[in-house]
Amino acid sequence: MCSLPVPREPLRRVAVTGGTHGNEMSGVYLARHWLQAPAELQRLSFSAVPVLANPAATAACRRYVDHDLNRAFTSSFLNSRPTPDDPYEVTRARELNQLLGPKASGRAFDFVLDLHNTTANMGTCLIAKSSHEVFAMHLCRHLQLQYPELSCQVFLCQRSGEESYNLDSVAKNGLALELGPQPQGVLRADIFSRMRTLVATVLDFIELFNQGTAFPAFEMEAYRPVGVVDFPRTDAGNLAGTVHPQLQDRDFQPLQPGAPIFQMFSGEDLLYDGESTVYPVFINEAAYYEKGIAFVQTEKFTFTVPAMPVLNPAPSPAS
Ligand SMILES: [Zn+2]
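What you see as residue numbers is a count from 1 along each chain, following the sequence as written. It should be noted that, the model being predicted, local features are given only for residues of pLDDT at least 70 and side-chain atom pairs only at 80 or more, the latter also being counted only at that level, while totals for whole chains, interfaces and linings use all residues. Hydrogens and waters are ignored; side-chain quantities use all the structure's heavy atoms.

Draft legend 1. Representation of the overall build of the protein chain in the model. Counting from the N terminus, the helices are DSSP H or I runs at least four residues long and the strands are E runs at least two residues long. In terms of regular secondary structure, the protein chain is built from six helices and twelve strands. Buried means the residue's accessible area, taken with a 1.4 Å probe over protein chains only, is under 20% of the maximum for its type, while exposed means over 50%, and partly exposed covers the values in between. Within the protein chain, the proportion of its 319 residues that are buried is 52%. The long-range fraction of contacts in the protein chain, counting pairs at least 24 apart against all pairs at least 6 apart in sequence, stands at 75%. Only the protein chains shown count as cover for residues, and all accessible areas are computed by the Shrake-Rupley method using a 1.4 Å probe. For the protein chain, the exposed area adds up to about 14000 Å²; of that, 52% sits on carbon and sulfur atoms. Separation of charge centres in the protein chain, based on 25 positive and 33 negative side chains, amounts to 7 Å. Here, two residues are considered to be in contact whenever any of their heavy atoms come within 4.5 Å of each other. Neither His nor the chain ends contribute to the count of charged residues, in which Lys and Arg are positive and Asp and Glu negative. Here the site of a charge means atom NZ of a Lys, CZ of an Arg, CG of an Asp or CD of a Glu.

Put into structure tokens, the structure is as follows:
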């Protein structure tokens, strides 16, 4: 896995994307609002661009139309020859790659912040690809220090050797906000306000970096995936049980070997038969039933994040 270089120049080209999943309503409505009233996304040294990432899915209030957009930013999708039969989201991923990328090129946006909701009880979750993303790790630390009451958890989603596939991977640096629990297609004021506040603080952090603020090294704790667990199923593929009440809503809590994870319709409990403690996330996420995922197993680990280079104070762009 190669690590992204730490920015040596101010971040000028910044985007905030909502509606990547068309039924995750905080980002959908924030993006729609900012497209009409973008002043909230302006800072002294840059103006972030609002983007409604998946207009067709958003209009239909569905996660996606043909294919999960947030899995479509792989080189095989982005670089293959377009055909009339391409899934809508593959075509849209190529458009977004033109707008915000091209991925892994010098012309790509400096930063993309992608807004999501989950039906799982994950609170305020910050999703980056890996611990090697130094800028994103400092940003996560900044959010944790600004909002200790939110206990922001950091989830590093990219598995070793795996190609990045998320929307924000088209930019040089990125982060996803994953706020929950919120049902699909529902807008909750508390989560909407929390997301709006976090976006403002992300932009403030970029401004601080651009103005030459020092960000020293620190120790960070984060979670990374080690496996997924599907529901118990019948031979026909239907559910044979539910997430156990003792596991439901306990995202980021330790799951010990022998603890119940599913309650079978037959009445018996299914127990976690792993050998070590894991930290489940995305527990009972509605969008993952079709993916065969009842929850994602993670491990908690700590690592040192190096200091970032201090920039010379950035002059405001000429008007
Ligand atoms: Zn999402």
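Draft legend 2. Layout of helix α5 (residues 134–146). Given a rise of 1.5 Å per residue, 13 residues ought to cover 18 Å, and the 18 Å separating the end C-alpha atoms of α5 matches this to within 8%. With respect to burial, α5 is a largely interior element, ten of its 13 residues being buried. Those residues of α5 not exposed but buried are V134, F135, A136, M137, H138, L139, C140, H142, L143 and Q144. Expected helix span is computed as 1.5 Å times (number of residues minus one).

Draft legend 3. Focus on the nonpolar core. With 47 residues, the main nonpolar core has F111, L115, M137, L175, L177 and V199 as its most contacted residues. With residues up to four places along the chain from it excluded, the contact list for M137 reads A128, S130, S131, V154, L156, F218, M220, F303 and V305. In this structure, C157, Y223, Y279 and A287 belong to the second largest nonpolar core, which totals 16 residues. Definition of nonpolar core: a set of buried residues of the types Ala, Val, Leu, Ile, Met, Phe, Trp, Tyr and Cys, connected through side-chain atoms within 4.5 Å.

Draft legend 4. The arrangement of the packing of helix α1 (residues 25–36) against helix α6 (residues 189–210) in detail. Contact geometry of α1 with α6 gives a least axis separation of 10 Å together with a crossing angle of 60 degrees. Here α1 is positioned oblique relative to α6, judged by the angle of their axes. Crossing handedness for the pair α1 and α6: right-handed. Residue-level contacts link S26, G27, Y29, L30, H33 and W34 of α1 to I191, F192, M195, R196 and V199 of α6. For the contact of α1 with α6, the class distribution of residues is seven nonpolar, three polar and one charged. For helices, the fitted line uses only the C-alpha atoms of the stretch in contact; every axis is such a line through C-alpha atoms, and the angle between N-to-C directions lies from 0 to 180 degrees. Geometric relationships in this document are graded by angle, where less than 35 degrees denotes roughly parallel, more than 145 denotes roughly antiparallel, 65 to 115 denotes roughly perpendicular, and other angles denote oblique. Crossings are assigned a handedness: left-handed for a near helix turned anticlockwise from the far helix by less than a right angle, right-handed for a clockwise turn. Ten residues, namely Ala, Val, Leu, Ile, Met, Phe, Trp, Tyr, Cys and Pro, are considered nonpolar, four, namely Asp, Glu, Lys and Arg, are considered charged, and the remaining ones, Gly among them, are considered polar.

Draft legend 5. Main features of the coordination of the zinc ion. Note on the zinc ion: its protein donors are H21 (ND1), E24 (OE), E24 (OE) and H116 (ND1). The metal-donor distances range over 2.1 to 2.4 Å. Taken together, the four donor atoms coordinating the zinc ion and their angles of 57 to 150 degrees define a geometry best described as irregular. Only nitrogen, oxygen and sulfur atoms qualify as donors, provided they sit within 2.8 Å of the metal or within 3.2 Å for Na, K and Ca; with water excluded from the atoms, sites may seem incomplete. Donor residues for the zinc ion sit on one chain with the sequence pattern H-x2-E-x91-H. For the residue pair H21 and E24, the accessibility class agrees, reading buried in each case. Each label reflects the angles at the metal, where four donors whose angles all fall between 85 and 135 degrees are tetrahedral, four or six donors whose opposite pairs open beyond 155 degrees and whose other angles stay between 65 and 115 are square planar or octahedral respectively, and the rest are irregular.

Draft legend 6. Region of the structure containing unusual backbone geometry. The step from G101 to P102 runs through a cis peptide bond, and the omega angle for that step is 0 degrees. Mapped onto the elements, P102 comes out in the loop between α4 (88–100) and β3 (111–117). With an omega of 5 degrees, the peptide bond between G180 and P181 qualifies as cis. Within the secondary structure layout, P181 lies in the loop between β6 (173–179) and α6. With a phi angle near 75 degrees, D249 is a residue other than glycine that sits in the positive phi range. Mapped onto the elements, D249 comes out in the loop between β8 (241–243) and β9 (260–264).

Any link to function would need more than the numbers given here.
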